[in-house]
Amino acid sequence: MNAVVAAALETRKPMLAESFVRWTTRQFDSFVQQFGPTLKGVYNSRKSKSFREQVAPFITREQGEKPWEQGPVKLNTEKLAKAGAEYADAAVEAWIGKINEKLGELENAEVLGFDGAEFAIKGERAGHKIFIKQQQVMKVSSKGTWFHQWPARIYVDGEFTPEAAYKKMFA
């Protein structure tokens, strides 16, 4: 992939890490609001998968008043920040791979309008003008794992081109 495009995507790591931390913190707050400060019953609830996957790795539990009691939970913000950074690294690496797989090597590649959740890339390939528009979408898997997707619309010489047709065109 063009180094300009890869460098532009790399700049999104802080935003992705912050999204991860913010979303996990909101989930934690929601669980505490629903199940109380000790999260009593969370593992027997319909939300246990989501809790185990996304929140449980980042909590610490205080000792209860009695040795057999579990005390309140709190977020381990250092562990969460580290996981957010690792998530951002992996997400950007996957993002670069997916764009490269979709577009192939572009000449004169340039990133346009990189604000918030949308951006575009323009360039040339085999004498054709290529334009890709992507937007960031946040999803949660059936296992409760949170992740980003970047659906794309590809245009060749100004006309929308499905990804399969684009790949066939440059095969």
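You'll find the structure just up there.
Anyway, here's the lowdown on the structure attached to this text. (Residues numbered from 1 in each chain as written. Predicted model: local features only at pLDDT ≥ 70, side-chain atom pairs only at ≥ 80, totals over all residues. Heavy atoms only, no water.)

**A short note on the pattern of salt bridges**
One pass over the full model with this rule turns up 5 salt bridges. A salt bridge links Lys13 to Glu10; its shortest N-O distance comes to 2.9 Å. For Lys13, a relative accessible area of 21% corresponds to the partly exposed category. Among the ionic pairs, Glu18 bridges to Arg22, the shortest N-O distance being 3.5 Å. With Glu18 and Arg22 both in helix H2 (residues 13-35) and 4 residues apart, this pair spans about one turn of that helix. Bridged by salt links that share partners, the residues Glu10, Lys13 and Asp89 form one connected network. (Salt bridge = Lys/Arg side-chain N within 4 Å of Asp/Glu carboxyl O. Buried < 20%, exposed > 50% of the residue type's maximum accessible area, 1.4 Å probe, protein only. Helix = DSSP H or I, 4+ residues; strand = E, 2+ residues; numbered from the N terminus.)

**So, the environment of Gln54**
When you line up the elements, Gln54 lands in helix H3 (residues 48-55). By relative accessible area, which is 3% here, Gln54 ends up buried. Measuring from C-alpha to C-alpha, the distance between Gln54 and Ser19 comes to 13 Å, with 35 residues separating the pair along the chain. Here the side chain of Gln54 touches Thr24 through a polar contact of 2.9 Å, side chain to side chain. (Polar contact = N/O pair within 3.5 Å; in protein donor to acceptor, adjacent residues only side chain to side chain.)

**A closer look at the packing of H2 against H3**
Where H2 contacts H3, the axes come no closer than 10 Å and their chain directions differ by 140°. In this view, H2 runs oblique relative to H3, as classed from their interaxial angle. Crossing hand, H2 versus H3: left-handed. Contacts between H2 and H3 involve Phe20, Trp23, Thr24, Gln27, Phe28 and Phe31 from the first element and Ser50, Phe51, Gln54 and Val55 from the second. Per-class residue counts for the contact of H2 with H3 are 6 nonpolar, 4 polar and no charged. (Axes fitted to C-alpha atoms, helices over the stretch in contact; angles between N-to-C directions. Parallel < 35°, antiparallel > 145°, perpendicular 65-115°, else oblique. Left-handed = near helix turned anticlockwise from the far one by under 90°. Contact = heavy atoms within 4.5 Å. Nonpolar A, V, L, I, M, F, W, Y, C, P; charged D, E, K, R; others polar.)

**Digging into the environment of Gln136**
Residue placement: Gln136 occurs in the loop between strand S5 (128-135) and strand S6 (137-140). What makes Gln136 buried here is its relative accessible area of 13%. Residues Gln136 and His148, 12 residues apart in the sequence, show an inter-C-alpha distance of 6.6 Å.

**Here we look at helix H4 (residues 77-103)**
Counted at 1.5 Å a residue, the expected span for H4 with its 27 residues is 39 Å, and the 38 Å between its end C-alpha atoms agrees. All of the buried residues along H4 are Leu80, Ala83, Gly84, Tyr87, Ala88, Ala91, Val92, Trp95, Ile96, Ile99, Lys102 and Leu103. Looking at where H4 begins, the residue whose side-chain oxygen comes 3.3 Å from the main-chain nitrogen of Glu78 is Asn76. Following H4 by one or two positions, Gly104 adopts a phi angle in the positive range, close to 75°. (Expected span 1.5 Å × (residues − 1).)

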